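Chain by chain, the residues:
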Amino acid sequence: MEVNIEARRILAVSISKLYASRTQRGGLRLHRSLLLSLVMRSARDIYHSSRESEGPNGAQSAPEEPMDTSSSPGEQTRLPEPQPEPQPVLNSTETAPEEPDNTEDGCDSEIIEDKENLSPAKQSRKRRGKASAAPDFLPSKRARLEPGEERYEVPLCSCRAGESLTTLSLNRVIPAF
Amino acid sequence: GVHGLKTQHSISFLQFLLLTADIISTVEFNQSGELLATGDKGGRVVIFQQEQESKNKLQCRGEYNVYSTFQSHEPEFDYLKSLEIEEKINKIRWLPQKNAAHFLLSTNDKTIKLWKISERDKRPEGYNLKEEDGRYRDPNTVTTLRVPVFRPMDLMVEASPRRVFANAHTYHINSISVNSDCETYLSADDLRVNLWHLEITDRSFNIVDIKPANMEDLTEVITAAEFHPNQCNTFVYSSSKGTIRLCDMRAAALCDSHAKLFEEPEDPNNRSFFSEIISSISDVKFSHSGRYMMTRDYLSVKIWDLNMESRPVETYQVHEYLRSKLCSLYENDCIFDKFECCWNGNDSVVMTGSYNNFFRMFDRGYQQDMTLEASRENSKLRSVLKPRKVSTGGKRKKDEISVDSLDFNKKILHTAWHPLDNIIAVATTNNLYIFQDKLN
């Protein structure tokens, strides 16, 4: 379904932009992060609502809002098929993309998604559920291997795609300074 | 005098200035137009001065030559937050001239500096105790006394930092604006606006604070702020949601509640994933008269009457053909570009930049618009610029450019208009172009 594909792609692009902005010179830009999170929220809502309507009603889909304003399909920019996203370097394979955090931020932080100190309830919630593959629009999160290391197979994401998007707390995307 | 853009007027090229080092990040004329300051990504400020008009060149205004160059800001490192602070100059604002020296404020993301630019064309000579090269003379060799005198020397322009206004902004500074009282100025970051006295660097007053108690509730940020040109108690700030708030400093110490809120209802037909991004205001400028203000969002320029909050009185489409390309522009980051806008001296024409090194002018009186290009090909002295056109329909006419062949790396974000004359400064990524109105 077109809107769904579009939403997924935008979500993927947004997430990689968010990760990229963490290494930006000058620090995280609040304005940019806010705009990214607004786009992600819209895309998530579309994606989620279209998946819901897909389920019980088969092919019927009612996107809440049109994505594009172009009057004729010919004018619309056709996006290429989603390419494999650039792999951000992550420290842990269980990092869920839905809760990007900024552990390098300093003392003025008010909302730090602190991976090390996650409550056990939270952590176990992440691990529960079907051990299915990650949603295909998300960047593949494989830890960078040191030379000589071997990779052992671990499910990349233990949450179902639908759940992972629901629990995506976009408010947390706003970095704390 | 200053003329509006009539059909018989044409813009001709005056000067092309190559700025080698870094990306230009701000351009600003001083109040007389004699000086033109640019700031760049490397923290440098370059000031150009207009030549006095030669009697022979009746058709041509004086050229701008480099007057002073100095390093305003250096990269810094905030050890507490492990953050590098960019030296890029975000804004330059001139102070009204009071004496022979010129003063300007320049700011990066965190620190504002007041610079004094002064000329030195004489130096004292004939000291009794010092040689001309500065070495001290043996007092025993001094047999006569003389009075040191000033002798002419080659003109030297010196820039010295007079004040440093630091440590007042947690977030990134996006605007500075000098008050008409010439004693105070404001600085704005994403969430706060501070008021400074030009003489006092260790204190500033916070006059707007939109930081929510819980950052998770953040929905909008401040994108620009400016003082009213005549009313020293009035200023405006724009937001990422496309609203402008006008505040009166006499009402309360903290101007969180606005005196006026300018907002245009969103057109539901134009709703998309990117509606919020493109409605974010990137620049706000009062007209010289103070009756109007202009805002720039991603696709349009809007003129607001300060007496009417419900909607703008004029809206000009800068590059509406990009509306169907927003997804690609999001992917290549162009949708985050912050375009500025400016008024001409008598508020009859407004100007803003676009892509492909195009810039746009809108004549408010004659309701005409023009698209021009700043490029090397146009750089023959006094050659008249040919208006450009982007083809949006199916069939592309000759000399038109199709949307898909626009170069989105060539963007004009910063433009400035001489306050008293029809001379404009247009900054492409690395170069500064100066154009003038061709006098017939």
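What you see is a predicted model; the values in this text were computed from it and never measured.

A. Spotlight on empty space enclosed by the protein. All names here are of chain B. What the rule picks out here adds up to 10 cavities of 30 Å³ or more. Approximately 60 Å³ is the volume attributed to the second largest cavity. In this structure, the second largest cavity is lined by Lys91, Arg93, Ser175, Ile176, Ser177, Ala224, Ala225, Glu226, Asp283, Val284 and Lys285. Those elements that provide at least two residues to the lining of the second largest cavity are strand 8 (91–94), strand 12 (175–178), strand 16 (222–227) and strand 20 (283–286).

B. Broad picture of the pairing of strand 10 (residues 112–125) of chain B. All names here are of chain B. Here six bridges tie strand 9 (residues 102–107) to strand 10, and the two strands are oriented antiparallel to one another. Within strand 10, the residue paired with Ser106 across the bridge is Lys113. Following strand 9, the chain reverses through four residues before pairing antiparallel with strand 10. Sheet topology note: the strand 10/strand 11 (residues 149–165) ladder contains 13 bridges and is antiparallel. Note on strand 11: the bridge partner recorded for Trp115 is Pro161.

C. Quick peek at the sheet that holds strand 25 (residues 349–353) of chain B. Residue and element names in this part refer to chain B. Taken together, the four strands give an open sheet; going across it, the order is 24-25-26-27, and neighbouring strands pair in antiparallel fashion. Each edge of the sheet is formed by a strand with only one pairing partner; in this case those strands are strand 24 (341–343) and strand 27 (368–373). With direction set aside, neighbouring strand axes in the sheet form an average angle of 20°. Judged from the three bridges that link them, strand 24 and strand 25 form a sheet pairing that is antiparallel. Bridging from a neighbouring strand, Trp343 pairs with Val350 of strand 25.

D. Spatial organisation of the nonpolar core. Counting residues in hydrophobic clusters, the biggest one holds 47 residues, and the most contacted among them are Phe274, Tyr298, Leu322, Tyr330 and Ile335 of chain B. Among the elements of the structure, helix 1 (2–21) and helix 2 (30–57) of chain A together with helix 1 (275–279) and helix 2 (326–331) of chain B are those that each provide at least two residues to this core. The greatest single-element share of this core, amounting to 10 residues, is contributed by helix 2 of chain A. Aside from chain neighbours lying at most four places away, what touches Phe274 of chain B is Ile10 and Val39 of chain A together with Leu326, Cys327, Tyr330 and Ile335 of chain B. In terms of nonpolar packing, the next biggest core, distinct from the first, is built from 15 residues, Cys342, Phe359, Met370 and Trp417 of chain B among them.

E. Seen up close, the sheet that holds strand 12 of chain B. Residues and elements named next belong to chain B. Taken in spatial order, the four strands of this open sheet run 12-13-14-15, and their pairing is antiparallel. The sheet is open, and its two edges are formed by strand 12 and strand 15 (205–209), each paired on a single side. Across the sheet, the axes of successive neighbouring strands diverge by a mean angle of 20°, strand direction being ignored. In terms of strand pairing, strand 14 (residues 192–197) meets strand 15 through four bridges, oriented antiparallel. Along strand 15, the bridge assignment pairs Arg192 with Asp209.

F. Looking closely at the environment of His73 of chain B. Residue and element names in this part refer to chain B. Inspection of the secondary structure puts His73 in the loop between strand 5 (64–71) and strand 6 (76–78). For the pair His73 and Lys88, spaced 15 residues apart in the sequence, the C-alpha separation amounts to 7.4 Å. With near-sequence residues (within four places) excluded, His73 lies in contact with Gly42, Gly43, Glu87, Ile89, Ser106, Thr107, Asn108, Thr111 and Lys113. Of note is the side chain of His73, whose polar atom sits 2.7 Å from the side chain of Ser72.

G. Molecular detail of the side chain of Asp283 of chain B. All names here are of chain B. Position of Asp283 relative to the elements: it lies in strand 20. Of the residues examined, Asp283 reaches a relative accessible area of 3% and is grouped as buried. A polar side-chain atom of Asp283 sits 2.9 Å from the main-chain amide nitrogen of Cys341.

H. Region of interest: the pattern of salt bridges. All names here are of chain B. Inspection of every chain in the model, using the stated rule, returns 34 salt bridges over all chains. As a salt-bridge pair, Glu314 and Arg364 come within 2.9 Å of each other at their nearest N and O atoms. With Glu314 in strand 23 (residues 314–317) and Arg364 in the loop between strand 26 (358–363) and strand 27, this pair connects stretches of sequence that are 50 residues apart. You can call Arg364 buried: its relative accessible area is 13%.

I. Representation of the packing of aromatic side chains in the model. Residues and elements named next belong to chain B. The final tally for this structure, using the stated rule, is 18 aromatic pairs over all chains. Centre to centre, the rings of Phe339 and Tyr355 are 5.3 Å apart; their planes meet at 90°, and the pair counts as edge-to-face. Placement of the pair is Phe339 in the loop between helix 2 and strand 24 and Tyr355 in the loop between strand 25 and strand 26, with a sequence separation of 16 residues. In terms of burial, Phe339 and Tyr355 fall into one category: buried. An aromatic cluster of three or more residues is present, and its members are Phe273, Phe274, Tyr330 and Phe336.

The rules behind the values
- Residues numbered from 1 in each chain as written.
- Chains lettered and ligands numbered in written order.
- Predicted model: local features only at pLDDT ≥ 70, side-chain atom pairs only at ≥ 80, totals over all residues.
- Heavy atoms only, no water.
- 1 Å grid on protein atoms, 1.4 Å probe; cavity = no way out; pocket = protein on both sides within 12 Å on 5 of 7 lines; lining within 4 Å.
- Points joined across faces, edges and corners; volume = space filled by probe spheres on them.
- Helix = DSSP H or I, 4+ residues; strand = E, 2+ residues; numbered from the N terminus.
- Pairing = 2+ DSSP bridges.
- Axes fitted to C-alpha atoms, helices over the stretch in contact; angles between N-to-C directions.
- Core = buried A, V, L, I, M, F, W, Y, C linked by side-chain atoms within 4.5 Å.
- Buried < 20%, exposed > 50% of the residue type's maximum accessible area, 1.4 Å probe, protein only.
- Contact = heavy atoms within 4.5 Å.
- Polar contact = N/O pair within 3.5 Å; in protein donor to acceptor, adjacent residues only side chain to side chain.
- Salt bridge = Lys/Arg side-chain N within 4 Å of Asp/Glu carboxyl O.
- Phe/Tyr/Trp six-rings, centres within 6.5 Å; stacked < 30°, edge-to-face > 60°.

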